[in-house]
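Examining the three-dimensional arrangement
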Amino acid sequence: MTEETRKQRLERPLSPYMIGSYYKPQLSSMLSIAHRASGVFLSIFGATLMVYWLVALSQGPVAYHEALMLLSAWPAKVLLGLLCFAIYYHSLNGIRHLIWDTGRMLEIKQANLAAIIVLIASSTAAIVTVLIVGGWL
Amino acid sequence: MNMRNPLANARGHGSAKSGTEHWWGQRVSALLMIPLIIWMLYTIIAIIGQPYQVVQVYFSQWINSVLAIALVLAMFRHIQLGLQVVIEDYVHSQPLETILQLLVKLFALAGTITALLAIIRLALQG
Ligand code: HEM
């Protein structure tokens, strides 16, 4: 690297990290990072589990029951519960993103209202789903 | 002031001239998934606790095979585009970045093929 490029690099403006001491934690930035985290979480665990389940089902009753046994162990249940919340949250918040992309709901008040709706709706839906699937409802 | 690394200029990175397609791909796959995820949630609630036979018959029906294939295609495309951006944002050292980008492509491809094969096998059992 030449001295010139090194100097240029040092002069580059850096955008401050949203999470950290530069910005006060805000609803919008927290939900934004949660959208990313839930997307990565769903990609790694949700998609893999879905493929695993489909393959087991396609292999017949024995393989399918083995898979169900594995998925009903308590660590798997915790994972499935978290995935359940993640998919509701990411999908609903994803719709919020798509609405922004059309240029709507960008005012802070509207964005925050939609954020609160997304949080309440995804938590409620996740709890109701877990209750239905668990046989309590 | 030119703020770009000369090497990046030489390689043509920085602007890879594919940003718009990527952006649209992420949005189109997201839009497609809205009805498909609703179908998936309905499916989970409908088949949970049901005996194998019932689940197998469900997945041998035309409409369900078609929807399952559409979901797998949209989801893995969305995953590949999504994880690509996350890696671009956080991983700046080579060769790690290239390796991770290739792993993401491999993951999406392997997941798509495996899931489609399972869905087709189920469809043919009907
Ligand atoms: C109806 C369902 C869904 C909708 C509406 C949706 C919407 C979106 C949108 C709009 C983005 C772009 C966000 C941005 O530009 O900052 C995004 C990113 C992403 N999504 Fe989804 N998504 C859905 C389902 C899923 C599923 C099922 C997965 C994984 C299995 C997933 C994984 C990801 C990942 C990894 C990203 C990248 C995160 C980032 O760049 O911050 N999404 N989603």
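To keep things clear, this report deals only with the structure shown in the data block. (Residues numbered from 1 in each chain as written. Chains lettered and ligands numbered in written order. Predicted model: local features only at pLDDT ≥ 70, side-chain atom pairs only at ≥ 80, totals over all residues. Heavy atoms only, no water.)

On to the overall build of chain B, then. Summing up its helical and strand segments, chain B has five helices and zero strands in all. Counting from the amino terminus, helix and strand elements in chain B follow one another as α-α-α-α-α. Looking at chain B residue by residue over its 126 residues, the buried ones come to 37%. A sequence separation of at least 24 residues applies to 69% of the contacts in chain B between residues at least 6 apart. For chain B, the accessible surface area stands at approximately 7,700 Å², while carbon and sulfur atoms represent 70% of it. (Helix = DSSP H or I, 4+ residues; strand = E, 2+ residues; numbered from the N terminus. Buried < 20%, exposed > 50% of the residue type's maximum accessible area, 1.4 Å probe, protein only. Contact = heavy atoms within 4.5 Å. Areas by Shrake-Rupley, 256 points an atom, 1.4 Å probe, with all protein chains shown as cover.)

Surrounding the iron atom of the ligand are the protein donor atoms H90 of chain A (NE2) and H78 of chain B (NE2), at 2.0 Å. Here the iron atom of the ligand binds six donor atoms, and the angle range of 86 to 179 degrees at the metal identifies the geometry as octahedral. Here H78 of chain B lies in helix α4 (residues 62-90) and H90 of chain A lies in helix α4 (residues 74-101), a pairing that spans two chains. The burial state of H90 of chain A is the same as that of H78 of chain B; both residues are buried. (Donors = N, O, S within 2.8 Å, 3.2 Å for Na, K, Ca; no water. Tetrahedral: all angles 85-135°; square planar, octahedral: opposite > 155°, others 65-115°.)

Quick look at the site of the ligand now. Residues in contact with the ligand amount to 23 residues; listed here are only the nearest, H35, R36 and H90 of chain A together with R27 and H78 of chain B. In this structure, R36 of chain A approaches the ligand through a side-chain N or O atom, which is 2.6 Å from an oxygen atom. Here a nitrogen atom of the ligand and a side-chain polar atom of H90 of chain A are 2.8 Å apart. Of all elements in the fold, only α2 (27-58) and α4 of chain A together with α2 (19-47) and α4 of chain B reach the threshold of two or more residues within the shell around the ligand. Per-class residue counts for the shell around the ligand are eleven nonpolar, ten polar and two charged. (Near = heavy atom within 4 Å. Polar contact = N/O pair within 3.5 Å; in protein donor to acceptor, adjacent residues only side chain to side chain. Nonpolar A, V, L, I, M, F, W, Y, C, P; charged D, E, K, R; others polar.)

This next bit is on the nonpolar core. Formed by 43 residues in total, the largest nonpolar core has its most connected members in W53, L54 and L57 of chain A together with F59, L71 and M75 of chain B. Listing elements by their share of this core, those giving two or more residues are α2, α3 (61-71) and α4 of chain A together with α2, α3 (52-58), α4 and α5 (96-124) of chain B. Aside from chain neighbours lying at most four places away, what touches L71 of chain B is M50 of chain A together with M33, L36, I37, W39 and M40 of chain B. (Core = buried A, V, L, I, M, F, W, Y, C linked by side-chain atoms within 4.5 Å.)

Attention shifts here to the interface of chain B and chain A. With 40 residues of chain B at the interface, the matching set in chain A holds 34 residues. Taken together, chain B and chain A are joined by two salt bridges. R27 of chain B is the partner of D101 of chain A in a salt bridge, and the nearest nitrogen-oxygen pair spans 2.8 Å. Scanning the region where chain B abuts chain A turns up five residue pairs in polar contact (both at pLDDT 80 or more). At the level of secondary structure, the elements contributing two or more residues to the side of chain B that touches chain A comprise α2, α3, α4 and α5 of chain B. The leading source of residues in the side of chain B that touches chain A is α4 of chain B, at eleven residues. Residue composition of the side of chain B that touches chain A, grouped by class: 30 nonpolar, six polar and four charged. (Salt bridge = Lys/Arg side-chain N within 4 Å of Asp/Glu carboxyl O.)

Here the focus is the side chain of S38 of chain A. All names here are of chain A. Take S38: it is sitting in helix α2. A distance of 3.2 Å separates the side chain of S38 from the side chain of H90, its partner in a polar contact. Ignoring anything within four residues of it in the chain, the contact list for S38 reads A86, Y89 and H90.

A few words now on the packing of aromatic side chains. With the rule as written, the count across this model stands at eight aromatic pairs over all chains. Each ring, one from F85 of chain A and one from Y89 of chain A, has its centre 6.2 Å from the other, and the planes form 25 degrees; the classification is stacked. On the criterion of helical spacing, the pair formed by F85 of chain A and Y89 of chain A is a turn pair, its members being four residues apart in helix α4. On the accessibility criterion, F85 of chain A (33% relative accessible area) is partly exposed. Arranged with centres 6.1 Å apart and planes meeting at 70 degrees, the rings of F76 of chain B and F107 of chain B form a pair that is edge-to-face. Linking F76 of chain B in helix α4 with F107 of chain B in helix α5, this pair joins segments that are 31 residues apart in sequence. On the accessibility criterion, F107 of chain B (28% relative accessible area) is partly exposed. Each member of the aromatic cluster is reached from another via a ring pair, and the members are W53 and Y64 of chain A together with Y52, Y58 and F59 of chain B. (Phe/Tyr/Trp six-rings, centres within 6.5 Å; stacked < 30°, edge-to-face > 60°.)

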